[in-house]
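# Coordinate inspection notes
Chain by chain, the residues run as shown.
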Amino acid sequence: MDRVRDAGDRRPSVAIALGSGGARGIAHVVALEALDEMGLRPSVIAGTSMGAVIGAAYAAGMEARDIRAHVLRVLRTRSNVLGKLLRARVGRFADLLLRGRGNPVLLDPEILLELFWPRGVPELFEDLAIPTIIVATDYTTRSEAVFREGSLSAAVAGSMAIPGLFRSVENKGSLLIDGGAVNPLPYDHLFDLADIVIAVDVTFGGRSRKRRAPTPLESMFGAAQIMQGAITAQKIKRRPPDILIRPRVEQFGLLDFFKSGQILRAAEGVKDEMRAAITAQLETIRRS
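Residues numbered from 1 in each chain as written. Predicted model: local features only at pLDDT ≥ 70, side-chain atom pairs only at ≥ 80, totals over all residues. Heavy atoms only, no water.

### Thoughts on the environment of Leu-254
Our working rule: Under the scheme used here, helices are H or I runs from DSSP no shorter than 4 residues and strands are E runs no shorter than 2 residues, and both carry numbers assigned from the N terminus. When a residue's accessible area, from a 1.4 Å probe over protein chains only, is under 20% of the maximum for its type it is buried; when over 50% it is exposed; and in between it is partly exposed. Any two residues whose heavy atoms approach within 4.5 Å at even a single point are treated as in contact.
With respect to the helices, strands and loops of the structure, Leu-254 is situated in the loop between strand 8 (243-245) and helix 9 (260-266). By relative accessible area, Leu-254 is classed as buried at 9%. Linking Leu-254 and Ser-20, residues 234 residues apart in sequence, is a C-alpha distance of 9.7 Å. Residue contacts for Leu-254: discarding those within four places in its chain leaves Gly-21, Gly-22, Ala-23, Ile-162, Phe-221 and Gln-225.

Here it is as structure tokens:
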């Protein structure tokens, strides 16, 4: 492997990219648990959208099992979740009648992060325990926006700002929206930073099991998932990561956050898959 330089007796480095996918992204927790159980600490993490949310929490120094416990705790009670969503609304319902700038349908992603993120996640990239790369989309320039320093919360909030659900985020003169629009699985930012690059893709999925016509909301989010899957497929065809992990969570929708326990159980099989793939990569490096 050409990225291993003067390895000697040192343990090869591992980097991991966590992709977008809404509630499906909860499966990233299981992949991180696999690394913890193998005693592997990533040298760098890259994340987009939900992958950015979970990746940043892990990079802050939390163990994956603690992130699992936090996710299950905060999503356990519908009334608690709905109360937080109401607090994160951009405006009031009266704004629709008064033609104000507020929109009661949209959520403020920065407020939502503050309400749902675990305690201990720092404000700045520079204070993370693991170097982290966050990918968002710069709406003004129609291009990828990559963040490695400065405000962590602004970058992650911008990366998760799905149009139609969240309002855009202003950061350093840029107007940020969902990173999944340009780079749903940002493993390409890791190739020169580690010996083994792992990518966890939760956009992958087969045919929908639903025979009925989708609702307008399902159509909008479903189209986004199809687009992200197509972008990811082309990236993988052009240059795949060393290890590609696809948790079997295709049956879950973008907004199925109340099914977090089911998503975690469905993804459990990736642990054995990751152990086998990482072990094989380590053996290849030792022989080279």
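### Digging into the pattern of salt bridges
Spelled out, the test is: Just to be clear on terms, a salt bridge is a Lys or Arg side-chain nitrogen sitting within 4 Å of an Asp or Glu carboxyl oxygen.
Tallying each qualifying case throughout the model produces 15 salt bridges. Salt-bridge contacts for Arg-65 lead to Glu-63; the nearest nitrogen and oxygen are separated by 2.9 Å. Between Asp-108 and Arg-167 there is a salt bridge; the shortest N-O distance is 2.6 Å. Of this pair, Asp-108 sits in the loop between helix 5 (94-98) and helix 6 (109-116) while Arg-167 sits in the loop between helix 7 (152-159) and strand 5 (169-171), placing them 59 residues apart in sequence. Judged by relative accessible area, Asp-108 falls into the buried class, the value being 7%. Through salt bridges with shared partners, one network takes in Glu-33, Glu-37, Arg-68, Glu-268, Lys-271, Asp-272 and Arg-275.

### Overview of the nonpolar core
A general trend in soluble globular proteins is that nonpolar side chains are found buried together. Stated precisely, the cut-off is as follows: Definition of nonpolar core: a set of buried residues of the types Ala, Val, Leu, Ile, Met, Phe, Trp, Tyr and Cys, connected through side-chain atoms within 4.5 Å.
Ranked by internal contacts, the top residues of the largest apolar core, which has 73 residues, are Leu-35, Trp-117, Leu-152, Val-156 and Ile-198. The greatest single-element share of this core, amounting to 8 residues, is contributed by helix 2 (residues 50-59). In contact with Ile-198, not counting residues within four places along its chain, are Val-14, Ala-15, Ile-16, Ala-17, Leu-35, Ile-243, Ile-245, Met-274 and Ile-278. In this structure, Ala-15, Ala-46, Leu-190 and Ile-236 belong to the second largest nonpolar core, which totals 13 residues.

### As for the packing of aromatic side chains
Rules: Paired rings are identified among Phe, Tyr and Trp, the last through its six-membered ring, by centres lying within 6.5 Å, and are further divided according to the angle between planes into stacked (under 30 degrees), edge-to-face (over 60) and tilted (the rest). Whether a charge sits over a ring depends on NZ of Lys or CZ of Arg being within 6 Å of the ring centre and within 35 degrees of the ring normal.
Counting across every chain of the model gives 1 aromatic pair. For the ring pair Tyr-187 and Phe-191, a centre distance of 5.7 Å and an interplane angle of 85 degrees mean the geometry is edge-to-face. Given the relative accessible area of 6%, Phe-191 is considered buried. Geometry around Tyr-139 places Arg-142 over its ring, the cationic atom sitting 4.4 Å from the centre. Looking at Lys-235, its charged tip hangs above the ring of Tyr-187, at a distance of 4.5 Å from the centre.

### Side note on the packing of helix 1 (residues 28-38) against helix 10 (residues 270-287)
Cut-off, in case you're wondering: With axes taken as lines fitted to C-alpha atoms, and helix axes fitted only over the stretch in contact, angles between N-to-C directions fall between 0 and 180 degrees. Note on terminology: angles under 35 degrees are roughly parallel, angles over 145 are roughly antiparallel, angles of 65 to 115 are roughly perpendicular, and the others are oblique. Handedness of each helix crossing follows the sense of rotation of the near helix against the far helix: counterclockwise by less than a right angle gives left-handed, clockwise gives right-handed.
Packing of helix 1 against helix 10 brings their axes to within 9 Å, and their N-to-C directions diverge by 50 degrees. Looking at the two axes, helix 1 sits oblique to helix 10. Crossing geometry of helix 1 relative to helix 10 is assigned as right-handed. Along the contact surface, helix 1 presents Val-30, Ala-31, Glu-33, Ala-34, Leu-35, Glu-37 and Met-38, while helix 10 presents Val-270, Lys-271, Met-274, Arg-275, Ile-278 and Thr-279.

### A word on the side chain of Gln-228
Along the chain, Gln-228 turns up in helix 8 (residues 216-238). Note on Gln-228: relative accessible area 5%, which makes it buried. Leave out the neighbours within four places in its chain, and Gln-228 touches Ser-20, Gly-21, Asp-178, Gly-180, Pro-184 and Thr-203.

### Some words on a nonpolar patch on the surface
As a reminder, the rule being used: Candidates for patches are residues over 30% relative accessible area with no salt bridge; among them, like charges are joined within 9 Å and nonpolar side chains (Val, Leu, Ile, Met, Phe, Trp, Tyr) within 5 Å. Throughout, the Shrake-Rupley method with a 1.4 Å probe supplies accessible areas, and for residues the shown protein chains are the sole cover considered.
On the surface, Leu-217, Met-220 and Leu-255 cluster together to form a nonpolar patch covering roughly 250 Å² of accessible area. Turning to its location among the elements, Leu-255 is positioned in the loop between strand 8 and helix 9.

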